[in-house]
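# Understanding the architecture of this molecule
So you can see what is in the structure, the chains are spelled out below.
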Protein chains: 2
Amino acid sequence: MPTSIDVVFTPDLLPFSDLTGKTVVVTDILRATTTITLAVANGATAITPVLTPEDAFRLAADQPNTLIGGERGGVKVDGFDLGNSPREYTQAVVSDRQIVLTTTNGTRTLQACRAAERILVGSFLNLRATVDQLAQVEGELVIACSGREGGFCTEDTVFAGACVAALEETQLTDAAETAKLLYQTHRDDLLGMLKNCYHGRSLARIGLGEDLEFCAQVDLVDVAPHLIDGRITA
Amino acid sequence: MPTSIDVVFTPDLLPFSDLTGKTVVVTDILRATTTITLAVANGATAITPVLTPEDAFRLAADQPNTLIGGERGGVKVDGFDLGNSPREYTQAVVSDRQIVLTTTNGTRTLQACRAAERILVGSFLNLRATVDQLAQVEGELVIACSGREGGFCTEDTVFAGACVAALEETQLTDAAETAKLLYQTHRDDLLGMLKNCYHGRSLARIGLGEDLEFCAQVDLVDVAPHLIDGRITA
């Protein structure tokens, strides 16, 4: 069991946390880590998060059997193979393929955690698999939310709280206590929470409301993807 | 009534908010804004927040009838007249005096809000007076919490939530919704919340537990201090 749990609400606050030697779970429920979780479960060999569409094109050009995915403003970037909707990352599309991914918030958070000893990628889709890994952690645990640029978001914090709630008798920071409260408030209606939060409303407005139902599914898959040397694998 | 309310959890996130034209309430419940509220209510003519003890000594040297107050590590700085405990700022001590104040978190937040059109200073001590002012705001409202360096704190967010809860039918960000939930959870035991939060436990540990009881008092005074041109006055 971890000795302590902190929750960091946005990647912009990660520089204030010393992640050295710690385990970090990165989450971006809408939608990067939901998409990554599903892609790994559906057989993608590796997902490489990068910061910009230019980086994505450059990296993919050197690699065979590689798809480029991601979004800006919520929608697929021109020239990309895939957007950032988990519904696109089916077994037929991603099995045995590599993916280079760039999104507005989630890939920034993954980059900002590089100092950590171990980096997991979590979403409601693999909540139980994530918690099973975390229960074995013996040092300090940080759950890194992606938020929206410079701001707090509800949905990532609810996921963080779900992890906190499952790990009993651990020392919690104020942020971890708040995340737990937020999860306890919304646990019985995760879809309603996703429909009401700022980011969920934005996605519905651009015609991606079906993604909310997808992202609200708990324990759909049984993988605990890790980021190692810049690549996310099972 | 404000058109929208956002809550910013730490001054480190204020650079992501455009405060131009907005009303901002700054809070640092433990203890800077509680102390400021009380000092103003007890007749201090002005409080000037500065970032460092060096700035405080320099500024006070030029001004007659001026006390220097504040803390580092929670305790009074060597050579200062006062620490950061509101209990020290009695009418006998502060009436008709100016005060130069420097604290670890609160004065940083006050500095970081300078772009705002109007800056209020709030605490539980003047909750009703603060809300009465906010109800008349017609544009966007931001409640700026001081947190601890780079991190979220419960007590400031509960105060922010108390303001949000009192201002009905306003558009709320995810952070404002969360603050409101936190207030609803703790409203019936603000002292218990202060005793359990990270900062409250730190203060109790260094012998300042009585400050928690002081800071938990709601509507003790009827002032709504404003920061104008670097000085806080009634």
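Here, the structure is the one placed above.
Residues numbered from 1 in each chain as written. Chains lettered and ligands numbered in written order. Predicted model: local features only at pLDDT ≥ 70, side-chain atom pairs only at ≥ 80, totals over all residues. Heavy atoms only, no water.

### Quick look at the relation of the copies chain A and chain B
With an RMSD of 0.0 Å, the operation that places chain A on chain B is a rotation of 180 degrees combined with a shift of 0.0 Å along the axis. Within this description, the copies of the chain are treated as partners about a two-fold rotation axis. Comparing contact sets, 100% of the residues at the interface of chain A also lie at the interface in chain B, consistent with an isologous, same-surface contact. (Least-squares fit on C-alpha atoms with pLDDT ≥ 70 in both. Contact = heavy atoms within 4.5 Å.)

### Digging into the interface of chain A and chain B
Every contact between the two is made by 23 residues of chain A and, on the other side, 23 residues of chain B. With both chains or domains summed, chain A and chain B bury close to 1800 Å², and 63% of this area falls on carbon and sulfur atoms. Counting the surface chain A buries against chain B, the share from its top three residues, Phe-16, Phe-152 and Asp-174 of chain A, is 32%. At the junction of chain A and chain B, the tally comes to 4 residue pairs in polar contact (both at pLDDT 80 or more). Breaking the side of chain A that touches chain B down by element, the ones donating at least two residues are helix 6 (154–166), helix 7 (174–186) and helix 9 (198–205) of chain A. Top element by residues in the side of chain A that touches chain B is helix 7 of chain A. It accounts for 6 residues. (Buried area = accessible area lost by both parts, 1.4 Å probe. Polar contact = N/O pair within 3.5 Å; in protein donor to acceptor, adjacent residues only side chain to side chain. Helix = DSSP H or I, 4+ residues; strand = E, 2+ residues; numbered from the N terminus.)

### Brief notes about the packing of aromatic side chains
Counted under the stated rule, the structure contains 9 aromatic pairs over all chains. Look at Phe-9 of chain A and Phe-152 of chain B: their rings are 5.2 Å apart centre to centre, the planes differ by 85 degrees, and that puts the pair in the edge-to-face class. Highlighted residues: Phe-9 of chain A in the loop between strand 1 (4–8) and strand 2 (23–27) and Phe-152 of chain B in the loop between strand 8 (140–145) and helix 6 (154–166), drawn from two different chains. Like Phe-9 of chain A, the residue Phe-152 of chain B is buried in the burial classification. Three or more aromatic residues joined by ring pairs make a cluster, and in this case those are Phe-9 and Phe-152 of chain A together with Phe-9 and Phe-152 of chain B. (Phe/Tyr/Trp six-rings, centres within 6.5 Å; stacked < 30°, edge-to-face > 60°. Buried < 20%, exposed > 50% of the residue type's maximum accessible area, 1.4 Å probe, protein only.)

### Some points on the environment of Ile-119 of chain A
Residue and element names in this part refer to chain A. Position of Ile-119 relative to the elements: it lies in strand 7 (residues 118–122). In this structure the C-alpha to C-alpha distance between Ile-119 and Ile-232, which are 113 residues apart in sequence, comes to 9.3 Å. Setting aside chain neighbours within four positions, we find Ile-119 in contact with Val-24, Val-26, Cys-113, Arg-114, Pro-225, His-226 and Leu-227.

### Side note on the side chain of Asn-42 of chain A
Relative to the elements of secondary structure, Asn-42 of chain A occurs in the loop between helix 1 (32–41) and strand 3 (46–49). Leaving out residues up to four positions away in the same chain, Asn-42 of chain A has contacts with Tyr-89, Thr-90, Gln-91, Val-94 and Ser-95 of chain A.

### Thoughts on the side chain of Asp-6 of chain B
Its location among the elements puts Asp-6 of chain B in strand 1 (residues 4–8). Lacking a salt bridge, the buried Asp-6 of chain B has Arg-148 of chain A as its closest oppositely charged neighbour, with an N-O distance of 4.4 Å. A distance of 2.7 Å separates a polar atom in the side chain of Asp-6 of chain B from a polar atom in the side chain of Thr-173 of chain B. For Asp-6 of chain B, the residues in contact, after removing those within four places along its chain, are Arg-148 of chain A together with Ser-17, Leu-141, Val-142, Ile-143, Thr-173, Ala-175 and Ala-176 of chain B. (Lys, Arg positive; Asp, Glu negative; His and termini not counted. Salt bridge = Lys/Arg side-chain N within 4 Å of Asp/Glu carboxyl O.)

### Details of the pairing of strand 7 of chain A
Residues and elements named next belong to chain A. Most of strand 7 is tucked away: 4 of the 5 residues are buried. For strand 2 and strand 7, the ladder comprises 5 bridges, and the chain directions are parallel. Counterpart to Val-26 in the pairing with strand 7 is Val-121. Pairing of strand 7 with strand 10 (residues 226–228) involves 2 bridges; the strand directions are antiparallel. The partner of Leu-120 across the bridge, within strand 10, is His-226. (Pairing = 2+ DSSP bridges.)

### A short note on the environment of Thr-90 of chain B
Residue and element names in this part refer to chain B. Its place among the elements puts Thr-90 in the loop between strand 5 (75–76) and helix 3 (91–94). Residues Thr-90 and Asp-55 lie 35 residues apart in sequence; the distance between their C-alpha atoms is 24 Å. Apart from residues no more than four positions distant in its own chain, Thr-90 is found in contact with Asn-42 and Ser-95.

### Re the state of the cysteines
For the coordinates displayed, the defined rule picks out 0 disulfides over all chains. Residue Cys-153 of chain A stays outside any disulfide, its sulfur separated by 6.5 Å from that of Cys-145 of chain A, the closest cysteine. By relative accessible area, which is 4% here, Cys-153 of chain A ends up buried. The closest cysteine sulfur to the non-disulfide-bonded Cys-197 of chain B is located on Cys-153 of chain B, 6.9 Å from its own sulfur. Classification of Cys-197 of chain B by relative accessible area gives buried; the value is 3%. (Disulfide = S-S within 2.5 Å.)

### Brief notes about the pattern of salt bridges
Residue and element names in this part refer to chain A. In this structure the tally under the stated criterion is 14 salt bridges over all chains. Between Glu-210 and Arg-87 there is a salt bridge; the shortest N-O distance is 3.1 Å. Of the two residues, Glu-210 sits in helix 10 (residues 209–215) while Arg-87 sits in the loop between strand 5 (75–76) and helix 3 (91–94), which places them 123 residues apart along the sequence. Asp-211 is the salt-bridge partner of Arg-87, the closest N and O atoms lying 2.7 Å from each other. With Arg-87 in the loop between strand 5 and helix 3 and Asp-211 in helix 10, this residue pair connects regions lying 124 residues apart in the sequence. The exposure class of Asp-211 is buried, given its relative accessible area of 0%. Taken together, the shared-partner salt bridges in this structure form one network comprising Arg-31, Arg-87, Glu-210 and Asp-211.

### Considering the pairing of strand 8 (residues 140–145) of chain A
All names here are of chain A. For strand 8, the buried fraction is high: 5 of the 6 residues fall into the buried class. Pairing between strand 1 and strand 8: 5 bridges, direction parallel. Residue pairing for strand 8: Val-7 is matched across the bridge by Ile-143. Of the strand pairs in this sheet, strand 2 and strand 8 are connected by 5 bridges, and their pairing is parallel. Within strand 8, the position partnered with Val-25 by the bridge is Ile-143.

Worth remembering: the numbers are spatial, not functional.
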